[in-house]
Structure formats: C-alpha cells, structure tokens
Amino acid sequence: MRKIAFVNIKGGVGKTTGIFNVAGVLAKKGYKVLCIDLDRQCNLTNTMLANSESDYNPKCDKNIMDVFTGGSGFGETVKRNYIVDIGKRKPAYFNIDVIPGSKELKRNEYVRKSYIGIKDKLNKFAKDEGYDFILCDLPANSEIINEICFGDICDEIISPFSTDVYSVEGYEELMDVVNIAREKNEVKMLGIYLSKYDKRVGLDNFIKEELESFGQLFIKEIQIPAKTDIRETITMGKPISFYKNQSSTREAYERLTDEILKR
Ligand SMILES: Nc1ncnc2c1ncn2[C@@H]1O[C@H](COP(=O)(O)OP(=O)(O)OP(=O)(O)O)[C@@H](O)[C@H]1O
Ligand SMILES: [Mg+2]
C-alpha cells in the first residue's frame, strides 16, 4: 500500500484537483483508493461525495475530527464515492472511499490537544479493507496537520505547482515542510509537477525552465494543461477519467499517475 500526500505551502495550486483526478485514474485501473481530507475547506469531501448515492450528510455524519479524537473509528466514518461513468446512467461505486474533512481542523490548538494518534488504527483498517493507495489532501500550510500527516499517515509527497513566480519562490518553504517531515519519518519526495500549464503563455514556459533547475525532482515530461474540462470535473463530481474519453487533460493525468506508479 502506498500513502501519498499532495502538498504545497501555497493555496489554489491544484492539490485537491490533483488527488481527485489521480484517484479517478487509479480507480479506472482497478486500484482501491482511500482519500483522506485533512483540509478544513473540505473541498475534496464535497467533490468526492457530491453524488446523493454517497449518502453523506456533513451535519450528522462522522468525519476526520471524530477519528482524531477517538469518537469514531475509520470503519464508521468512511464513505463511498459514487460516480456516473461515461455512457452510463446510474452512479456506481468504483473503489474510491473517503474519510470526510471537518471545519474543526482549523482549530489548531484543539486539534493538537485532542489528537489521540491514529497510525496503528489506520494501518489495520487499510489492510483489512485492501486499499492500494491512501491519498491525503492537505491545507496550504498547517504545522499540526503536516505533523499528523507525515507522522502517522503518509510517507510520500507529491507537489503540484502552478505557473506563477510565487510558486517557484515557495519552493524553499515547501522543502522546509519536507525536511521537517523527514525528521519524523522516512518520507519520500516523489516530485513536483505543473498542474495548470498553458504552453502558449510565455510566463508558463519561463516557470517550466526555472523548475528544470530542480533536476530529477521536477517531472518535466508531464504537465497538466490548464483547461476548463478540469474545472468541470470538480463541478460535476466526476474525475476526468470518468468524464471524457478524449482529452489532453485526461491523458496528462493518466501519464502523471503512471509516473507516480513508477517512482
Ligand atoms: N488543469 C487545470 N486547468 C484549469 N483549472 C484548474 C486546473 N487544475 C486546477 N484548476 C482550478 O484551480 C483552482 C484551484 O485548484 P484546487 O482547488 O485543486 O487547488 P488547491 O491547491 O487544492 O487549493 P486550496 O489550497 O485552496 O485547497 C480550482 O478552481 C480548480 O478548478
Ligand atoms: Mg484544496
């Protein structure tokens, strides 16, 4: 089983979109995926559990905070993601499960004080359920959530970058997060990829060249094109692999997933 966090200290770079679409490609390939939403915005939860078949009610259902405090186990908290596949009418379950996020995650001190440790419980749950992948969505920068994620959940990091200079400037801060994580655990940095790339734009090409100076760490062969169909996937609650047969973004997410499988 692989446990990968999508990390960037910057907001809005495509972390949630990345998990959603990589999970979709993995599910199409037949892998069983558990997505854990550690972001207080709960964007991944709301997208993954958008279909009413998922039977998720944020007002009364358990979420990650209940797991953190010991109020609920993973088994009682997990929800199934239902997607309508291309050419199909009815939503179906395709091996993606979700541990919903919580607004309470923003209360750093509360999280720190009430967190009981989940490493062993998660490992047992994941083994019993037969997950091949755990994918974690993180907020842009929260010390306590990073600590929990890299101490008890994930041991690999992948980092989406958007094409702006702040993204490149934030690289050192990102590596600080990676290095702090490494002090706690064997955490492997899988790589950095461009998550909204427009090859016609000069700045995008400039940023790509800048990132090439990071060497092997930069997945330079694969860029996710900046296109509206990716934004539609979020609105429709369907990963691109279940939304469109022919699309450069689908192909890019398939290639990115293959690269993750190789690294
Ligand atoms: N390839 C793409 N092409 C066009 N738009 C994209 C693409 N990838 C992501 N976006 C859009 O960029 C915005 C930010 O993406 P997303 O929410 O995934 O970022 P994030 O890093 O998770 O943000 P946050 O830090 O707020 O959680 C969204 O509106 C999303 O639809
Ligand atoms: Mg997000």
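Report on the accompanying structure. (Residues numbered from 1 in each chain as written. Chains lettered and ligands numbered in written order. Predicted model: local features only at pLDDT ≥ 70, side-chain atom pairs only at ≥ 80, totals over all residues. Heavy atoms only, no water.)

## So, the pairing of strand E3 (residues 79-83)
Within a regular beta strand, the side chains point alternately toward one face of the sheet and then the other, so they alternate between its two faces. Put simply, the test is: Working definition: with a 1.4 Å probe on protein chains only, accessible area under 20% of the residue-type maximum means buried, over 50% means exposed, and in between means partly exposed. Counting from the N terminus, the helices are DSSP H or I runs at least four residues long and the strands are E runs at least two residues long. Whether two strands pair depends on DSSP finding at least two bridges between them.
Of all five residues in E3, four are buried, a share of seventy percent or more. Across four bridges, the pairing between E3 and strand E4 (residues 92-99) is antiparallel. What sits directly across from Ile83, in E4, is Ala92.

## Details of a positive patch on the surface
Rules: For patch building, the residue pool is restricted to those with more than 30% relative accessible area and no salt bridge; the joining distance is 9 Å between like charges and 5 Å between nonpolar side chains (Val, Leu, Ile, Met, Phe, Trp, Tyr). Accessible surface area values rest on a Shrake-Rupley calculation with a 1.4 Å probe, where residue burial reflects the displayed protein chains alone. We define a salt bridge as a contact between a side-chain nitrogen of Lys or Arg and a carboxyl oxygen of Asp or Glu at a distance within 4 Å. In this count, Lys and Arg are taken as positive residues and Asp and Glu as negative ones, while His and the chain termini are left out. Here the site of a charge means atom NZ of a Lys, CZ of an Arg, CG of an Asp or CD of a Glu.
Taken together, Arg40, Lys59, Lys103 and Lys106 make up a surface patch of like positive charges. According to the relative accessible area criterion, Lys59 is exposed, its value standing at 81%.

## Thoughts on helix H1 (residues 15-28)
Basically, it comes down to this: Between the first and last residue of a helix there are one fewer steps than residues, each counted as 1.5 Å, and that sum is the expected span.
Between its first and last C-alpha atoms H1 spans 20 Å; for 14 residues at 1.5 Å apiece the expected length is 20 Å, and the two agree. Burial analysis of H1 places 13 of its 14 residues in the buried class, the great majority of the element. The positive-phi residue at the C-terminal boundary of H1 is Gly30, with phi of around 100°.

## Let's talk about a nonpolar patch on the surface
Judged by side-chain polarity, Val165, Tyr166, Val201, Leu203 and Phe206 come together as a nonpolar surface patch covering roughly 450 Å² of accessible area. Elements with a minimum of two residues in the nonpolar patch: helix H8 (165-169) and helix H10 (202-212). One can find Tyr166 in helix H8. For Tyr166, a relative accessible area of 57% translates into the label exposed.

## Focus on the site of ligand 1
The test is simple: Residue proximity to a molecule or strand is established when one non-hydrogen atom of the residue lies within 4 Å of it. Polar contact is the term for a pair of N or O atoms within 3.5 Å; when the atoms are in protein, one must be able to donate a hydrogen and the other to accept it, and sequence-neighboring residues count only if both atoms are side-chain atoms.
Residues in contact with ligand 1 amount to 17 residues; listed here are only the nearest, Gly12, Lys15, Thr16, Thr17 and Pro225. One of the backbone nitrogen or oxygen atoms of Pro225 is found 2.9 Å away from a nitrogen atom of ligand 1. Coverage of ligand 1 by the protein amounts to 81% of the 640 Å² it exposes when considered alone. Listed by contribution, the elements that provide at least two residues to the shell around ligand 1 are H1, strand E7 (188-197), strand E8 (218-225) and helix H11 (228-236).

Interpretation in functional terms is not warranted from these geometric data alone.
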